[in-house]
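# Chain and residue survey
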Amino acid sequence: MKNIDSYTHVRGESVYLDDIPVVNGTLYAAVFDSPVAHGKIISLDINEAAGMPGVVRIFTASDIPGENQIGGIVPDEELLADSHVHFCGMPIALVIAESEEVARAAVKKIKAVIEPLPVITDPREAKEKGELIIPPRTFQIGNTTAAWKDCDHIFEGRTETNGQEHLYIETQGAYAVPQEHGAIRIYSSTQGPTAVQRTAARVLGVAMNQIEVDTTRLGGGFGGKEDQATTWGVLCALATFHLKKPVKYSLHRMEDMRMTGKRHPYSSDFKIGLNKGLKIIAYEATFYQNAGAAADLSPAVMERTLFHCTNSYFVPHVKATAYSCRTHLPPNTAFRGFGGPQGMFVIEAAIAKAAEQLHVPASVIQQKNLLTTGDEFPYGQKADSEATECWNRTDELFDIQQLQQEVASFNASNKLYKKGIALMPICFGISFTKTLMNQARSLVHVYTDGSVGISTGAVEMGQGVNTKMLQVAAKIFSVDPARIKVNTTNTYRITNTSPTAASAAADLNGKATEIACATILQRLKQVAADELKTSADVIEIKNETVYANGKKTAWDWNKLVMSTYVKRINLSELAHYTPPGIHYDATKEKGHPFSYHVYGTAITTVTVDCLRGIYEVDSVKAVHDFGSSMNTMIDMGQCEGGIVQGIGWMTMEELVYDKEGKLRSNALSTYKVPDIYSVPKEIIVHPLATEKDNLAIFRSKAVGEPPLMYGIGAYFALRNAVKAFNPAADIPYDAPMTPEKVLMSLYQTPVL
Ligand code: MTE
Ligand code: MOS
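First things first, this report covers the structure right here in the doc.

## Here we look at the sheet that holds strand E19 (residues 484–486)
What the four strands build is an open sheet, ordered E19-E18-E17-E24; its pairing is mixed. Looking along the sheet, the strands with just one partner apiece sit at the ends: E19 and strand E24 (572–577). Neighbour to neighbour, the strand axes of the sheet diverge by 20° on average, direction disregarded. Pairing geometry for strand E18 (residues 452–456) and E19, over three bridges, is parallel. Bridge pairing in E19 places Gly-453 opposite Lys-485. Against the sheet, helix H14 (residues 465–477) makes contact with strand E17 (440–446), E18 and E19, and its axis sits at roughly 150° relative to E19, the strand it touches most.

## So, the environment of Leu-235
With respect to the secondary-structure elements, Leu-235 resides in helix H7 (residues 230–243). Sequence spacing of Leu-235 and Ala-174 is 61 residues, and the spatial spacing of their C-alpha atoms is 8.7 Å. With residues near it in sequence (within four places) discarded, Leu-235 still touches Val-31, Leu-79, Leu-80 and Leu-94.

## A word on helix H18 (residues 712–725)
End to end, H18 covers 21 Å across 14 residues, agreeing with the expected 20 Å (1.5 Å per residue, within 8%). In terms of burial, H18 is largely enclosed, as eleven of its 14 residues are buried.

## Re the site of ligand 1
As a structural note, the neighbourhood of ligand 1 is formed by 19 residues, with Gly-221, Phe-222, Met-461, Ala-505 and Gln-638 the closest of them. The separation between an oxygen atom of ligand 1 and a polar main-chain atom of Phe-222 is 2.9 Å. Between ligand 1 and the protein, one listed contact pairs an oxygen atom with a side-chain N or O atom of Gln-463 at 3.1 Å. Coverage of ligand 1 by the protein amounts to 92% of the 530 Å² it exposes when considered alone. Class assignment of the residues belonging to the shell around ligand 1 gives a composition of eight nonpolar, nine polar and two charged.

## A look at a nonpolar patch on the surface
A cluster of nonpolar side chains, namely Leu-416, Tyr-417, Leu-611, Leu-743 and Tyr-747, defines an oily patch on the protein surface of about 450 Å² accessible area. Counting through the fold element by element, Leu-416 comes out in the loop between helix H13 (400–413) and strand E16 (417–430).

## Here we look at unusual backbone geometry
In this structure, the amide linkage connecting Ala-735 to the following residue, Pro-736, adopts the cis form with an omega of 10°. As for its position among the elements, Pro-736 is in the loop between strand E30 (733–735) and helix H19 (739–746). In the Ramachandran plot, Phe-338 falls in the positive-phi region, its phi being about 55° despite a non-glycine side chain. Among the structural elements, Phe-338 can be located in the loop between strand E15 (317–326) and helix H10 (340–358). Looking at Phe-338, the relative accessible area reads 11%, which means it is buried. The backbone of Arg-699 sits at a positive phi, close to 60°, despite the residue not being glycine. By relative accessible area, Arg-699 is classed as partly exposed at 29%.

Reading guide: rules and limits
Residues numbered from 1 in each chain as written. Chains lettered and ligands numbered in written order. Predicted model: local features only at pLDDT ≥ 70, side-chain atom pairs only at ≥ 80, totals over all residues. Heavy atoms only, no water. Pairing = 2+ DSSP bridges. Helix = DSSP H or I, 4+ residues; strand = E, 2+ residues; numbered from the N terminus. Axes fitted to C-alpha atoms, helices over the stretch in contact; angles between N-to-C directions. Contact = heavy atoms within 4.5 Å. Expected span 1.5 Å × (residues − 1). Buried < 20%, exposed > 50% of the residue type's maximum accessible area, 1.4 Å probe, protein only. Near = heavy atom within 4 Å. Polar contact = N/O pair within 3.5 Å; in protein donor to acceptor, adjacent residues only side chain to side chain. Areas by Shrake-Rupley, 256 points an atom, 1.4 Å probe, with all protein chains shown as cover. Nonpolar A, V, L, I, M, F, W, Y, C, P; charged D, E, K, R; others polar. Patch = residues over 30% accessible without salt bridge, like charges linked within 9 Å, V, L, I, M, F, W, Y side chains within 5 Å. Salt bridge = Lys/Arg side-chain N within 4 Å of Asp/Glu carboxyl O.

See below:
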């Protein structure tokens, strides 16, 4: 089935925040944000700005009626800076004006005197100075200290992965509209409507039931609107609270890039030990996460780095420690993969280093160490592994050795162009690692005309979750999908929602929808049974027709629905779902945090132009574990998008903050994301279709984040291509591998 939004998307009719018709009298907001990364506010002069025609009010921290606090996990982040600023882009004052233009013009007239304080941008320096967001955490299995003596080869190294701008097409924004009795409705481009609601209530000092958050869809979130949409929703609500007027703020691209956090950069150390047979015996890693100025989601992101530090390999002795380091960058946040990709990069670098030193292809080491069912992850869960199945199927379909030989023979016969190839197996755990967040609700109504309305906590952001919800209802009721409508995500209809994140939205909300529909269906069947003088267990509804004992009856969906209503039986259901069997004990760092894992293997081939350092990704060929996909078109789209986004992170997207903590890559002219010319010339994704029982909705495994990690293969393929040209190059494990870095590595030490 097609994505239900495809028709309105291509016609430009889909409604995003900026398309909501504004109410008469709507005012516009703009933020005055800190020009320095760390300092003490000595004075703030808003007089000239406040006197401009069209300016209605300027709010500062002192106008906050409740708590000036938006921190979700750790209460360490002010909505508006009070006495100190902690990052360039930190909101200090909120201008409200009659138009967007006036609001932004007034921002330019605000003058702040800020006494500069020392700025830290490097996570290792932050750690040295004791600037940690939370205490460090260590995951351990076996005993690495004792295991080194059993290793024939030991390699150590250091890696860097840079951050990544989310670049959702729709920028952050919100629109707050006053309601009666002091309530406020906030239209918010957020992945977490409840986070906006809870935080608005806290900041305004009102009860959560006074705040209604409504989200139709996002023009992309990618994690960037899990927590960081809250600021804008709450700022608009603050102005609405005081002025009793509708207030809208839709950020300009450069405001968004400057003021919001991104994927966490990491600096890491590794030590890997292998035996003669190339089995990995021991692995140690230390992760320094650049959290930025406040916790935001950093502790949870750091945790997932640890969960995925061994990627899809079994290692009997592991010790991994992570530090969440407070720097003066905007608070970094969720980004597709949520710290997992950063953890995986490090073990892939360790394997690549071992392979280079031992003169074997990395794929040999990778393959020998893949997880098999029953293997234990460092956090105690046992794998139900598809890792070898994915790898073997990749080999069957694409012939790894032959592809490697093709690359080698190309390189033997070409001087100025070199190809590189790399394999990237992945393993990604599905569930929120914070166990309590794994819950969802769905409200299903059947109307008397037989049409169906669904509301869930899931937010549509292009990933097709609404289509999947619709499919669930259509399948359980066995009715025409055209009868079903998926409604906006609204905190008055569905409460206490977990954000749409962790790739778990379709599973959690889909299962809740399945339960709600099944409950209503059971009532319908009972009515049919009573009418047909039989029992409910022999009743079936197939394609809108009622069957009894496998035989067609004269009853259809419409008649059955109407009779159920006439009998005064409930045609609505609010269902709750929480996955069974997951638990985690953070005091021991052991448990069973994930409902299941998603596996896959990708082969990436690149060609480097060794005169200019530019490159192309020739192909990404993958076998991906979809379980049994409930929507192949959507799931393939998620794979293609994820792969390209991952390649962007690993190759061309270069985030640059200067020593003063100012973002230099602050526009699309200085920050390059993949365009149609830089996507791989060929992307082939084969499903590893399994009918295995798992906790996914209709056994269709979560697909949102895992494919991004195939992109890591592009980094190692480029590295291999450079090595083919300049075998002596000592290339740091430093991503992204931009054309500049490629060029410098190609000519790093004099070659002929
Ligand atoms: N796909 C699109 N088109 N747009 C997005 O913003 N976000 C990704 C992924 N795929 C995203 C996307 C992220 S970060 C997550 S966690 C999942 O979708 C969330 O949706 P799901 O739980 O329904 O997979
Ligand atoms: Mo996705 S990073 O979990 O929003």
